[in-house]
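Summary of structural features
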Amino acid sequence: MIATITRSIPWLTGVWSYCAWFCGRALWTSSPVRSASTIKSICVIQPNALGDTLMVTPLLQALVDAVGPGRVDVVVAARSAELLRNVPGLGRLITVQRHLRWRDFGSILEFVRVLREVRARRYDVIVDLSRILQFSWMTFLAAPRRSIGVQVARQMGPWSVERLEFLYIDEVAVPPGQHMIHEYLALLQPLGIRTASDRMIFVPTESERQAAQHWLSDYGLVPHRPYVVIHPSGKWPPKRWHPERFRQLTQRLRLQGLSIVLAGDAQDRSLLTSIAQGSESAVAILAGDLSLGAVGALIEGASLFIGNDSVLMHMASAVDTPLIALFGPTVPHHTGPLSISDRVIAKPIDCRPCQLYFTQDRCERGRNYCMDLIEVDDVARAAEALLGRTKCALAG
């Protein structure tokens, strides 16, 4: 009985959301238009994953260039705020401390807290990138002069809603098949703002670079000696390559005389230790010992980054470190690196993008089918090619 009630709660909250939206539509045929010809303040809402936060930085830079430094604020998940602290010209970071769900009383209180902070600043423009209904309502209730959101179908209980209508002034339909960065940049169109760059921005501070250097020295890694950062973990287990193959790859790279840094957070320590087995004296294990910014600085100094689809992959792209990205259930041309010099290894399969990886830890075909198709030789050859190109560049 309890399990049945628990399973029905998301559906019931969906019904409640639809009823609230339907009543609002009866009161407001569209969001009230207020002049925004002179933009003095903008708020961008991006409370999603760490990687998504990095991919919004080209849009943030375009807005800062258009309206001036200190005038672009961001609503961001607390865990992601560190990624944006050094974006040049960015204003205030309004942090969201928890996921917003209508069925959670604490979450509702957090919604009210963030809404009050956003509304108090009386933004000329709010750009909502979240695709989350709670933030659509927040955008509307904050009463900006202009509001922009993504047009995307949303399921509310038994109903599918194609447009949110009155909740935004401009609801932008994003063409399918684009990279996520370009999807974000498309929301600048209603403002008439163009950007010259789709490059992500991550700038480690000098103290973060020093922390990375001290950590390397503590592990006996000689300054300026080439090292490779390998990230075998990630938030979603279905996106991870097999640990044994990472172990074999690590040993092959070690035979080439390369220093290896296995990177992850504190809960990855046992995984990293198992991958280093047999090469412990020649492999440095970074398991939550540095801040996210210092990890970025460490990646910045690496000769090569190898990893799954994760935030550290995006950081490597942002700091221009040559990288090899391993893709399985997700789509490389949607979230992968944009640089033509980087390598993406993804085997052709007919079930990508996977519809299950958000909800299940294992593929219905058995283990991580799409990731297991990637062989150690595939990655080792790509690593040799990129490292050879790096040596040629340094020699030139």
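First, a word on what this report is: a plain description of the structure on this page. Computed from a predicted structure; not experimentally measured.

Let us look at unusual backbone geometry. Following Arg352, the chain continues into Pro353 via a peptide bond in cis, with omega recorded as 5 degrees. Its location among the elements puts Pro353 in the loop between strand E14 (343-345) and helix H13 (369-372). One non-glycine residue, Arg122, adopts positive backbone phi at about 50 degrees. Mapped onto the fold, Arg122 is located in the loop between helix H4 (105-120) and strand E4 (125-128). Residue classification places Arg122 among the exposed positions, given a relative accessible area of 69%. In this model, Arg131 sits at a positive phi of 60 degrees, which is unusual for a non-glycine residue.

Attention now goes to the packing of H4 against helix H5 (residues 133-141). Packing of H4 against H5 leaves a shortest axis separation of 9 Å and a crossing angle of 35 degrees. Like other packed secondary-structure pairs, H4 and H5 cross with a definite hand, here right-handed. For the pair H4 and H5, the contacting residues are Phe111, Val114, Leu115 and Arg119 in the first and Gln134, Trp137, Met138 and Leu141 in the second. Partitioning the contact of H4 with H5 into residue classes produces six nonpolar, one polar and one charged.

Moving on: the pairing of strand E9 (residues 227-231). Buried residues dominate E9, accounting for five of its five residues. Side chains of E9 alternate between two faces, with Tyr227, Val229 and His231 and Val228 and Ile230 buried alike. Judged from the four bridges that link them, E9 and strand E10 (residues 259-264) form a sheet pairing that is parallel. Paired with Tyr227 across the bridge in E10 is Ser259.

Spanning 13 residues, helix H8 (residues 243-255) covers 19 Å between terminal C-alpha atoms, matching the ideal 18 Å at 1.5 Å per step. Positive phi shows up at Gly257, right after H8, with a value of about 80 degrees.

Contact pair helix H10 (residues 292-300) / helix H11 (residues 311-318): the axes reach a minimum separation of 9 Å and the direction vectors enclose 55 degrees. In terms of their interaxial angle, H10 and H11 are classed as oblique. Seen from above, H10 lies across H11 with right-handed handedness. Across from Leu292, Val295, Gly296 and Ile299 in H10, the residues of H11 making contact are Leu312, Met315 and Ala316.

Before going further, it helps to examine the sheet that holds strand E3 (residues 93-96). Read from one edge of the open sheet, six strands run E3-E2-E1-E4-E5-E8, paired in parallel fashion. Of all the strands in the sheet, just E3 and strand E8 (170-173) have a single pairing partner and so form its edges. For this sheet, the mean inter-axis angle between neighbouring strands, taken without regard to orientation, is 20 degrees. In the packing of H4 onto the sheet, the strands contacted are strand E2 (72-77), E3 and E4, and the crossing angle to E3 comes to about 170 degrees. Packed onto the sheet, H5 meets strand E1 (42-46), E2, E3, E4 and strand E5 (146-151) and runs at close to 175 degrees relative to E4.

Moving on, we come to the pairing of strand E12 (residues 304-308). The buried fraction of E12 amounts to five of the five residues, a majority that puts the element mostly inside the structure. Looking at chain direction, E9 and E12 are connected through four bridges and run parallel. Across the sheet, His231 pairs through a bridge with Gly307, a residue of E12. Bridge count between E12 and strand E13 (residues 323-326): four bridges; the pairing is parallel. Residue pairing for E13: Phe305 is matched across the bridge by Leu323. In this fold, E12 hands off to H11, which returns the chain to E13; that crossover is right-handed.

With that settled, consider empty space enclosed by the protein. In the structure shown here, the tally under the stated rule is one cavity of 30 Å³ or more. Each pocket or cavity is described by its volume, and for the largest cavity that value is around 30 Å³. Taken together, Glu82, Leu83, Asn86, Val87, Ile201, Phe202 and Val203 make up the full set of residues lining the largest cavity. Partitioned by chemical class, the residues of the lining of the largest cavity number five nonpolar, one polar and one charged.

Before going further, it helps to examine the nonpolar core. Judged by nonpolar contacts, the single largest core of 67 residues is most densely connected at Val44, Leu59, Val261 and Leu298. Contact partners of Leu298, with chain neighbours within four places excluded, come to Ala212, Trp215, Leu216, Tyr227, Val229, Val261, Leu286 and Leu290.

This part covers H4. With 16 residues, H4 extends 23 Å from end C-alpha to end C-alpha; this agrees with the ideal 22 Å at 1.5 Å per step. For H4, the set of buried residues is Ser107, Glu110, Phe111, Val114, Leu115 and Val118. For H4, the arc enclosing every buried residue in end-on projection is 135 degrees, short of the 170-degree limit, so these residues lie on one face. The outward face of H4, more than 90 degrees from its buried face, is lined by the exposed residues Phe105, Arg116 and Ala120.

Attention now moves to the sheet that holds E10. Spatially, E11-E10-E9-E12-E13-E14 is the arrangement adopted by the six strands of the open sheet, whose pairing is parallel. With one partner strand each, in any of the chains shown, strand E11 (283-287) and E14 form the two edges of the open sheet. Averaged over all adjacent pairs, the angle separating strand axes in this sheet is 15 degrees, with direction ignored. By the bridge criterion, five bridges tie E10 to E11 in an arrangement that is parallel.

Criteria and thresholds
Residues numbered from 1 in each chain as written. Predicted model: local features only at pLDDT ≥ 70, side-chain atom pairs only at ≥ 80, totals over all residues. Heavy atoms only, no water. Helix = DSSP H or I, 4+ residues; strand = E, 2+ residues; numbered from the N terminus. Buried < 20%, exposed > 50% of the residue type's maximum accessible area, 1.4 Å probe, protein only. Axes fitted to C-alpha atoms, helices over the stretch in contact; angles between N-to-C directions. Left-handed = near helix turned anticlockwise from the far one by under 90°. Contact = heavy atoms within 4.5 Å. Nonpolar A, V, L, I, M, F, W, Y, C, P; charged D, E, K, R; others polar. Pairing = 2+ DSSP bridges. Expected span 1.5 Å × (residues − 1). Parallel < 35°, antiparallel > 145°, perpendicular 65-115°, else oblique. Right-handed = clockwise from strand over helix to strand, strands pointing away. 1 Å grid on protein atoms, 1.4 Å probe; cavity = no way out; pocket = protein on both sides within 12 Å on 5 of 7 lines; lining within 4 Å. Points joined across faces, edges and corners; volume = space filled by probe spheres on them. Core = buried A, V, L, I, M, F, W, Y, C linked by side-chain atoms within 4.5 Å. Arc of directions from axis to C-beta.

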